[in-house]
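Take a look at the letters that make up each chain.
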2 protein chains.
Amino acid sequence: MRIAQIAPLIEAVPPKLYGGTERVVYALVEELVRRGHDVTLFATADSQTSARLVPMAEGGLRLLGTKDPIALHVAMLEEVYAQADEFDIIHSHVDYLTFPFARGVTTPTVTTLHGRLDLPETRRVLSRFTDQRLISISWSQRAPVADLPLRWVGTVYNGVCLERFPFRPEPDNPPYLAFVGRISPEKRPDWAIEVARRVGLPLKIGAKIDPADRDWAEEHFLPLLGTPGVEYLGEVDDRQKAELLGGALALLFPIDWPEPFGLVLIESMACGTPVIAFPGGAVEEVVLDGVTGLVCRSRTLDEMVQAVHRIEQLDRAACRRHVEQHFSSEAMTDAYEAIYQQVLLEQATPLVVSADGYLTSATIGDVRRLPPVGSEIGRTATSGFTTPAPLER
Amino acid sequence: MRIAQIAPLIEAVPPKLYGGTERVVYALVEELVRRGHDVTLFATADSQTSARLVPMAEGGLRLLGTKDPIALHVAMLEEVYAQADEFDIIHSHVDYLTFPFARGVTTPTVTTLHGRLDLPETRRVLSRFTDQRLISISWSQRAPVADLPLRWVGTVYNGVCLERFPFRPEPDNPPYLAFVGRISPEKRPDWAIEVARRVGLPLKIGAKIDPADRDWAEEHFLPLLGTPGVEYLGEVDDRQKAELLGGALALLFPIDWPEPFGLVLIESMACGTPVIAFPGGAVEEVVLDGVTGLVCRSRTLDEMVQAVHRIEQLDRAACRRHVEQHFSSEAMTDAYEAIYQQVLLEQATPLVVSADGYLTSATIGDVRRLPPVGSEIGRTATSGFTTPAPLER
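Note that the structure is predicted; figures quoted are calculated from it, not measured.

Some points on the overall build of chain A
Next, step 1: In terms of regular secondary structure, chain A is built from 14 helices and 16 strands.
Next, step 2: The proportion of buried residues among the 393 residues of chain A is 59%.
Next, step 3: Long-range pairs, those at least 24 residues apart, make up 64% of the contacts in chain A with a sequence separation of at least 6.
Next, step 4: Of the roughly 14,800 Å² of accessible surface on chain A, a fraction of 51% belongs to carbon and sulfur atoms.

Laid out in C-alpha cells, this is it:
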C-alpha cells in the first residue's frame, strides 16, 4: 500500500525530548515499513525514519522557536495534496488543518485526532467537517463530541516501541516515585509532590514547561522544588525517561482533565512500573485497575497515599504483558492497517446507507455488507482486553 | 456587488481596545455599505457593522483568552465557502488559512496580507500558493518576497475613519510626547522613553503587552516606568487613543522592524499630530518626511532628540490633509472597489498571458487588454501622492 503519513512539525519524528504525537507516528511508520508498505513521511528534516522522508521544516518548531508554526503546516499540507495521486491513502496527524485539503482530492484521507476534544472551539470546527474520516485514540476522547454526526472510522490506541522501554523486574533500591509529562494544571505535578511528601518517598520529575504554562508553574510548581526528596530533572529524552520510569516504584498520574490517551502510562507499564492515577479521560481504558495500576476514584490525595502503600502488591511483569498485548507498535499498526483496508474497499465501490444505518457497498450485480462507519476496528484488534463501555454509547 | 468580508476573530470589528486589521475592516465595510454594496461580514458576534453580520465567535478571541483560535478561523472559512455562491467576490483578511478554501469554489477571492512577510515560514507558505490573488498594504511590505512569482492584484493603503480621530489644531500645553502600539522589541518603547528623558518632555504611553512579549517587557520596559515624566496608560480604546494622540506634540515611532504599514501613523496625523520615526518598512510611504513628520535616517536617538526640537515647525493642518487625501476610508475603498471590479472582469472572460507578461482577456471575436496583475490600482487611487518607487521593482 502506498501510504502518506503527515506528522506534526512541532517535534522531530521521534521527538528529541518531550513529544507525544510524533512518537506515535514514529512507531507506526517503522512498523508499516517493516510490513512492506511503501510509506512516505512528511515531517521535520531531522526526523529518523525507515520510510521515504520529505522534509517540511529544518527541525522541531518548538525547539527552534518558530514564530508562525501554522504557516509551515499549511505549506506542508499543500505539498502533500499536490502529490495526492501518488498515494493510495493519506493518514494525517495534524488535525483539522487537513480537512480543506482532503476535500480537494480523490485519494482518501484518514485523520487521527491526537488532542482533547472538549474545547468549544474544537467542537465548532469538527461540526463543520462531518464528511471527514476521523480516528480517535481512545473511546473516552470522543465523549465531548458524541452528539455530533462525525464520521468516525475507528479508535486506535497508541502504541509504544517496546525495545525503547526495556522491562525492569525490580524497581531501584532505595525506592522513589516518578512524575513525567508537562508542568501544567492538567497534569498537577504539585499534587504528585504532596503525595510523595506525605508517604516520605523521593519524587523524580521529568517534565517540560510550556510558555503557556509558565505562569502556573511559577505560582504552583517552582516554589515546591525545595520540598525534601523532590528532584526536578527538567525535560528528558527517551533514554532518561526509560531510566526514570523503569527504576520507579510507581508513576504518579494525578490528572485534572480528560486525558485523551496518556502515552506515559503505557511507557511506564512497558518498563514494568505500575501507575497510580486519578480517573479521567482514557485512564481507565489504558490502566487495568488492580492489575497494572491503581485508579484512585475518590480523587483525593489520601487515597493516592494509601495506593502507594499497596502498590508493591502489583506484579510488574503483568504491567509489561498488558502493554505487549494491547499497546505495542504491532497492535496499533494492526488496527491502522485494518482501517486503511476498509477505507480503500469503500472507496473502490459506491456506497449507499441502508435503513439500519449500515453502509452498503453496492456494485452491479453484487451487494455486500460492510461494517458500519465508526465500527470497532480499533478495539477488536486488541482482542481479549475488556475496556469499559464507550462513554458515548 | 455582493461582497463577503472575512475578518480575523482575534478582536471585534472594530476592536474594543488594541487591534489593527479589524479596525481597517470596519472602515472598509462601513464605506462599502454606504456606497450601496450588499456586504456580508463574517466576524465576532460583538462587532458593530452596517453590513449583514454573520457571528463566528462570541467575542474577540484575544480578550476571551480562547485556547485554540485557529480552530474558529478554520470553522469560519468553511462556513463562508459553503455559501460562496451567494457572493460575487470574497475578500479575506485572515491570511493563508484562506487559500485551500478559495481553491475549491468558482467565486473569486482576494486576500489582503496584513502582516509582516519577512519570516521564512511566511515565505514558504506563500510560495506554495502562487495562484492566490494577493493585496499588500504597502509596497515595502512585499520586498522580502519580491522574488517569488506571487499573484499580486494591487497595493491598498489602510484607511482610517476620520471622524474617530478629530483634528486638533494645537497640542496640549504643557506639551508631551506620545507612544502608542505594542510593548515589544519591534516597537521599542524603551527608546521612546530615552528620547523623552533626554529632551525633558513627558511621555504618555498607550500600549498592550502580548503574552509573547512579556519577557521582553519585564526586562526592557517595566523597569523604566519609574523614569520621571513617563506615564503608562496600559491598553487604550479609540476615544482614549484619539485624546492621547491629538494632544501630543508628536508621536514617537522608533521602530526596529519592517513595519508593514503602521496604522497609528495615520491615526496620529489625522489628529494633526506629526510623527517622529525611524525609517523601516512602510514608514517612508506613509509619512511625508519634512511635512507630516520627521524620519530619522541615522536611526540614532540623538537624531530623534534633535527632531523633537524641530517638530513645531511642521504644520499640523498638513498632517490632517495628508490623511484626508490618501488614508481615508474613502480612498481605501476606492482602491478596493477598483480591484473587485477588475477581478470580476477577468473572471467573466477566459484569460491568456501574452508574451510581455500582460494578462489578455480573450473572448470570441474580442481581444481586450487588461492592466497586468500587480498593477498599481492601489497607488493610482491615491492620485497626486508621490511615494518612493516600490522596493521590488
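Some thoughts on the sheet that holds strand 3 (residues 52–55) of chain A
All names here are of chain A.
Next, step 1: Overall, parallel pairing links the seven strands, which are arranged 3-2-1-4-5-6-7 in an open sheet. In this open sheet, the two strands that pair with only one neighbour each are strand 3 and strand 7 (151–155). Neighbouring strand axes in the sheet, compared pairwise and without regard to direction, differ in orientation by 25° on average.
Next, step 2: Note: strand 4 (residues 89–92) against strand 5 (residues 109–112), three bridges, orientation parallel. Bridging from a neighbouring strand, serine 92 pairs with threonine 111 of strand 5.
Next, step 3: Seen against the sheet, helix 1 (residues 21–34) touches strand 1 (2–6), strand 2 (38–43) and strand 4 and runs at an angle of roughly 160° to strand 2.
Next, step 4: Strands strand 1, strand 4, strand 5, strand 6 (133–136) and strand 7 of the sheet are contacted by helix 13 (residues 329–348), whose axis makes an angle of about 135° with strand 4.

A closer look at the confidence of the model for chain A
All names here are of chain A.
Next, step 1: Predicted confidence across chain A gives a mean pLDDT of 90, with 89% of residues reaching 70 or more.
Next, step 2: Here residues 360–393 scores under 50 on pLDDT; set against residues more than four positions off or in separate chains, the count is 76 contacts.
Next, step 3: Here the complex is predicted with pTM 0.87, and the ipTM for its interfaces comes to 0.86.

Quick word on the relation of the copies chain A and chain B
For the pair of chain copies, the relating operation is a rotation around an axis with a shift along it.
Next, step 1: Rotating chain A by 180° and moving it 0.0 Å along the rotation axis overlays it on chain B with an RMSD of 0.0 Å. Both copies of the chain, as the preceding transformation shows, are related through a two-fold rotation axis. The position closest to the rotation axis in chain A is occupied by the C-alpha of proline 100 of chain A, lying 3.0 Å away.
Next, step 2: An overlap of 100% is found between the interface residues of chain A and their copies at the interface of chain B, pointing to a shared contact surface.

Observations regarding the domain arrangement of chain A
Residue and element names in this part refer to chain A.
Next, step 1: For chain A, the assigned domains are domain 1 (1–158 + 334–340) and domain 2 (160–325).
Next, step 2: With centres defined by C-alpha atoms, the gap from domain 1 to domain 2 works out at 27 Å.
Next, step 3: The interface of domain 1 with domain 2 comprises 22 residues on the first partner and 23 residues on the second.
Next, step 4: Taking both partners together, domain 1 and domain 2 bury about 1,800 Å²; carbon and sulfur atoms supply 57% of that area.
Next, step 5: Together, Tyr18, Arg23 and Arg116 form the three largest contributors to the area buried by domain 1 at its contact with domain 2, with a combined 33%.
Next, step 6: Summed over the shared surface of domain 1 and domain 2, the number is three salt bridges.
Next, step 7: Close ionic contact of glutamate 267 with arginine 23 constitutes a salt bridge, the shortest N to O distance being 3.9 Å.
Next, step 8: Summed over the shared surface of domain 1 and domain 2, the result is 10 residue pairs in polar contact (both at pLDDT 80 or more).
Next, step 9: Element by element, the count of residues in the side of domain 1 that touches domain 2 is highest for helix 1, at four residues.

A closer look at the nonpolar core
Next, step 1: Ranked by size, the top nonpolar core spans 70 residues in total, and within it Tyr81 of chain A together with Tyr81 of chain B carry the most contacts.
Next, step 2: If near-sequence neighbours (up to four positions away) are discounted, tyrosine 81 of chain B is found in contact with Ile6, Ile90, Thr98, Phe101, Ala102, Val105 and Thr109 of chain B.

Focus on the pattern of salt bridges
Next, step 1: Under the definition given, this model contains 75 salt bridges over all chains.
Next, step 2: Among the ionic pairs, glutamate 78 of chain A bridges to arginine 103 of chain B, the shortest N-O distance being 2.8 Å. Placement of the pair is glutamate 78 of chain A in helix 3 (residues 69–82) and arginine 103 of chain B in the loop between helix 4 (99–102) and strand 5 (109–112), with the two residues belonging to separate chains.
Next, step 3: By relative accessible area, glutamate 78 of chain A is classed as buried at 8%.

What to know about the sheet that holds strand 12 (residues 275–277) of chain A
All names here are of chain A.
Next, step 1: Strands sit in the order 10-9-8-11-12-13 across an open sheet of six strands; the sheet is parallel. Of all strands in the sheet, those bounded by a partner on one side alone are strand 10 (230–232) and strand 13 (293–295). On average, each strand axis in the sheet is inclined to that of its neighbour by 20°, with strand direction left out of account.
Next, step 2: As defined by bridge partners, strand 12 adjoins strand 13 across three bridges and the pair is classed as parallel. When the sheet's bridge partners are listed, valine 275 is paired in strand 13 with glycine 293.

Remarks on the packing of aromatic side chains
Next, step 1: Summed over the entire model, instances satisfying the criterion amount to 20 aromatic pairs over all chains.
Next, step 2: Between tyrosine 336 of chain A and tyrosine 340 of chain A, the ring centres sit 6.3 Å apart and the planes meet at 25°, which makes this aromatic pair stacked. Of this pair, tyrosine 336 of chain A and tyrosine 340 of chain A both sit in helix 13, separated by four residues, roughly a single helical turn.
Next, step 3: Tyrosine 336 of chain A sits in the buried class, given a relative accessible area of 0%.
Next, step 4: Taking relative accessible area as the criterion, tyrosine 340 of chain A reaches 0% and is therefore assigned buried.
Next, step 5: An aromatic cluster is built from Tyr81 and Phe101 of chain A together with Phe99 and Phe129 of chain B, whose rings are joined through pairwise contacts.
Next, step 6: Over the face of the ring belonging to tryptophan 257 of chain A we find arginine 182 of chain A, whose NZ or CZ atom lies 5.5 Å from the ring centre.

Let's talk about the packing of helix 5 (residues 120–127) of chain A against helix 3 (residues 69–82) of chain B
Next, step 1: The interhelical angle for the contact between helix 5 of chain A and helix 3 of chain B, taken along N-to-C directions, is 25°, at an axis separation of 8 Å. Here helix 5 of chain A lies roughly parallel to helix 3 of chain B, going by the angle between them. Here the hand of the crossing between helix 5 of chain A and helix 3 of chain B comes out left-handed. Mapping the contact onto sequence places Glu121, Arg124 and Val125 of chain A in helix 5 of chain A and Ala71, Leu72, Val74, Ala75, Met76 and Glu79 of chain B in helix 3 of chain B.
Next, step 2: In the contact of helix 5 of chain A with helix 3 of chain B, the residues fall into six nonpolar, no polar and three charged.

Rules behind the numbers
Residues numbered from 1 in each chain as written. Chains lettered and ligands numbered in written order. Predicted model: local features only at pLDDT ≥ 70, side-chain atom pairs only at ≥ 80, totals over all residues. Heavy atoms only, no water. Helix = DSSP H or I, 4+ residues; strand = E, 2+ residues; numbered from the N terminus. Buried < 20%, exposed > 50% of the residue type's maximum accessible area, 1.4 Å probe, protein only. Contact = heavy atoms within 4.5 Å. Areas by Shrake-Rupley, 256 points an atom, 1.4 Å probe, with all protein chains shown as cover. Pairing = 2+ DSSP bridges. Axes fitted to C-alpha atoms, helices over the stretch in contact; angles between N-to-C directions. pLDDT = per-residue confidence, 0-100. Least-squares fit on C-alpha atoms with pLDDT ≥ 70 in both. Domains from an automatic or database assignment. Buried area = accessible area lost by both parts, 1.4 Å probe. Salt bridge = Lys/Arg side-chain N within 4 Å of Asp/Glu carboxyl O. Polar contact = N/O pair within 3.5 Å; in protein donor to acceptor, adjacent residues only side chain to side chain. Core = buried A, V, L, I, M, F, W, Y, C linked by side-chain atoms within 4.5 Å. Phe/Tyr/Trp six-rings, centres within 6.5 Å; stacked < 30°, edge-to-face > 60°. Lys NZ or Arg CZ within 6 Å of the ring centre and 35° of its normal. Parallel < 35°, antiparallel > 145°, perpendicular 65-115°, else oblique. Left-handed = near helix turned anticlockwise from the far one by under 90°. Nonpolar A, V, L, I, M, F, W, Y, C, P; charged D, E, K, R; others polar.

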